[in-house]
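Report on the structure
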Amino acid sequence: MADALAGPTRFHVLTIFPTMFVSPFSEGIMARAISNELVEVRPHDIRDYAPDRHRTVDDYPFGGGPGMLMKAAPLFDAVEAARSTARSADCPVILLSPQGRPLTQAVVEELTRVPEMVLVCGRYEGVDERVRDYLVTDEISIGDYVLSGGELAAMVLIDAVSRLLPGVVGSIESTEDDSFTTGLIQHPQYTRPAEYRSWRVPDTLLSGNHAEIARWRRRESLRKTLRRRPDLLETAELTDDDEKYLHQLRQDQTFH
Ligand code: ADE
């Protein structure tokens, strides 16, 4: 975790649309984390580092082809300016791009240990490859689809990392049994009323028997994960009981 004495976890964001970062962080948990000085989001306008009157940050690709690329120089200058203010010299520089390593909950947890980072949002058809080769220290994708820029991906990363920082999500909201934290999909949850349009909440949840409830939840997680994301079962930590239950489900002709 980021050291509380060193101040908030700080996300520098390099973008040509700095105002995109205002509204998503003005609500809910993120707004509270920022006002409690647990998190800081600092957008930097890449155009401020363009040397010309038109503040040009893109250009045609050598060799031809469609679209425009983000030029190297404004990105190098913007990263160097942001990094020069960093509290630690090894502040990572992360490019958001569909070519990056996938953002998983394990990567999110790894980033909670980084107190300050620079997030580079690409736009147009991509960035000059020298940015990848000589400027960034990491490249992250939020999924196998193409966004019109890295901004939304940067917001996703900031949100996912921030909610795991100490004090950001209260114990009432808790992140402990989130899907993926346990390596499994979360069990079903219900709130009042116990019956709605004749659909009843499972009896076990109303029983007050905490051991039974925990067992039901674990089994529902396993069942849902087997049905929807069987790939997760290869890496989840499973007990002998879990394995037995999964074996039963796989044998059950009515399960599939
Ligand atoms: N920029 C465009 N598409 C992206 C993606 N899938 N992940 C991260 N950054 C992106």
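These lines cover the structure that appears in this document, whether it is placed above or below. (Residues numbered from 1 in each chain as written. Predicted model: local features only at pLDDT ≥ 70, side-chain atom pairs only at ≥ 80, totals over all residues. Heavy atoms only, no water.)

**A look at the packing of aromatic side chains**
We apply this condition: Note on ring pairs: Phe, Tyr and Trp rings are taken, using the six-membered ring of Trp, and paired if centres are within 6.5 Å. Classes follow the plane angle, with under 30 degrees stacked, over 60 edge-to-face and the rest tilted. Exposure is judged per residue with a 1.4 Å probe applied to protein chains only, and the accessible area is read against the type maximum: over 50% gives exposed, under 20% gives buried, and values in between give partly exposed. Think of it as a cone above the ring: NZ of Lys or CZ of Arg counts as a charge over the ring if it is within 6 Å of the ring centre and within 35 degrees of the ring normal.
Evaluated as defined, the whole model comprises two aromatic pairs. Ring geometry for F21 against F25: centres 6.4 Å apart, planes inclined by 25 degrees, an arrangement best described as stacked. The pair formed by F21 and F25 is uniform in burial state, with each residue classed as buried. When the centroid spacing of 6.1 Å and the interplanar angle of 50 degrees are considered together, the rings of Y196 and W199 count as tilted. Overall, Y196 belongs to the partly exposed group, its relative accessible area being 45%. The exposed category is assigned to W199, whose relative accessible area is 57%. Directly above the aromatic system of F255 lies the positively charged group of R227, at a separation of 4.5 Å from the ring centroid.

**Quick word on the nonpolar core**
The condition is simple: Nine residue types can take part in a nonpolar core, namely buried Ala, Val, Leu, Ile, Met, Phe, Trp, Tyr and Cys, and a core is a set of them joined through side-chain atoms within 4.5 Å. A run of H or I in DSSP counts as a helix once it spans at least four residues, and a run of E counts as a strand once it spans at least two, with each numbered from the N terminus. Residues count as neighbours in contact if any of their non-hydrogen atoms are within 4.5 Å of one another.
Core analysis: the largest hydrophobic core is formed by 30 residues, its most contacted members being L111, L119 and L157. Breaking this core down by element, the ones donating at least two residues are β1 (9-15), α1 (28-35), β2 (39-45), β5 (93-102), α3 (105-111), β6 (116-121) and α5 (151-162). The dominant element in this core, judged by the number of residues it contributes, is α5, at seven residues. In contact with L119, other than residues within four places in its own chain, are F11, H12, V13, L14, I94, L96, A154, L157 and I158.

**Quick word on the site of the ligand**
Note the following rule: The nearness test applies per residue and asks whether one of its heavy atoms lies within 4 Å of the molecule or strand. Any pair of N or O atoms that falls within 3.5 Å is considered a polar contact. Within protein, one atom must be able to donate a hydrogen and the other to accept it, and sequence-neighbouring residues count only if both atoms are side-chain atoms. Note on areas: Shrake-Rupley with a 1.4 Å probe; residue coverage comes only from the protein chains shown. Amino acid classes used here: Ala, Val, Leu, Ile, Met, Phe, Trp, Tyr, Cys and Pro are nonpolar; Asp, Glu, Lys and Arg are charged; the rest, including Gly, are polar.
Close to the ligand lie 13 residues; S97, I142, G143, Y145 and L147 are nearest. A distance of 3.0 Å is found between a nitrogen atom of the ligand and a backbone nitrogen or oxygen belonging to I142. In this structure, Y145 approaches the ligand through a main-chain N or O atom, which is 2.8 Å from a nitrogen atom. For the ligand, the protein covers 96% of the area, taking 260 Å² as the surface of the free molecule. Mapped onto the shell around the ligand, the elements with two or more residues apiece are β5 and β7 (138-141). If one sorts the elements of the shell around the ligand by residue count, β5 sits on top with three residues. Residues belonging to the shell around the ligand are distributed by class as follows: eight nonpolar, five polar and no charged.

**Some thoughts on the sheet that holds β7**
Note on sheets: strands pair through backbone hydrogen bonds, and any given pair is parallel or antiparallel. To keep things clear, this is the line we draw: Two strands pair under a simple rule: DSSP has to find at least two bridges between them. The axes used here are C-alpha line fits, helices contributing only the stretch in contact, and every angle between their N-to-C directions lies in the interval 0 to 180 degrees.
Strand order in the open sheet formed by five strands is β2-β1-β6-β5-β7, with parallel pairing between adjacent strands. If you trace the sheet from one side to the other, it starts and ends with β2 and β7, each paired once. The sheet shows a mean angle of 35 degrees between the axes of neighbouring strands, direction not considered. Relative to β6, β1 is paired through five bridges, and the arrangement is parallel. Bridging from a neighbouring strand, R10 pairs with E116 of β6. The sheet strands contacting α5 are β1, β2, β5, β6 and β7, and the helix crosses β1 at an angle near 175 degrees.

**Thoughts on unusual backbone geometry**
The amide bond that connects R192 to the next residue, P193, takes the cis arrangement and shows omega of 5 degrees. If you trace the backbone, P193 turns up in the loop between α5 and β8 (195-196). Notably, R55 is not glycine yet its phi reads approximately 55 degrees, a positive angle. At R197, a residue that is not glycine, the phi angle is positive and equals roughly 45 degrees. Looking at where R197 falls in the secondary structure, it is placed in the loop between β8 and β9 (199-200). On the basis of relative accessibility, which here comes to 61%, the residue R197 falls in the exposed class.

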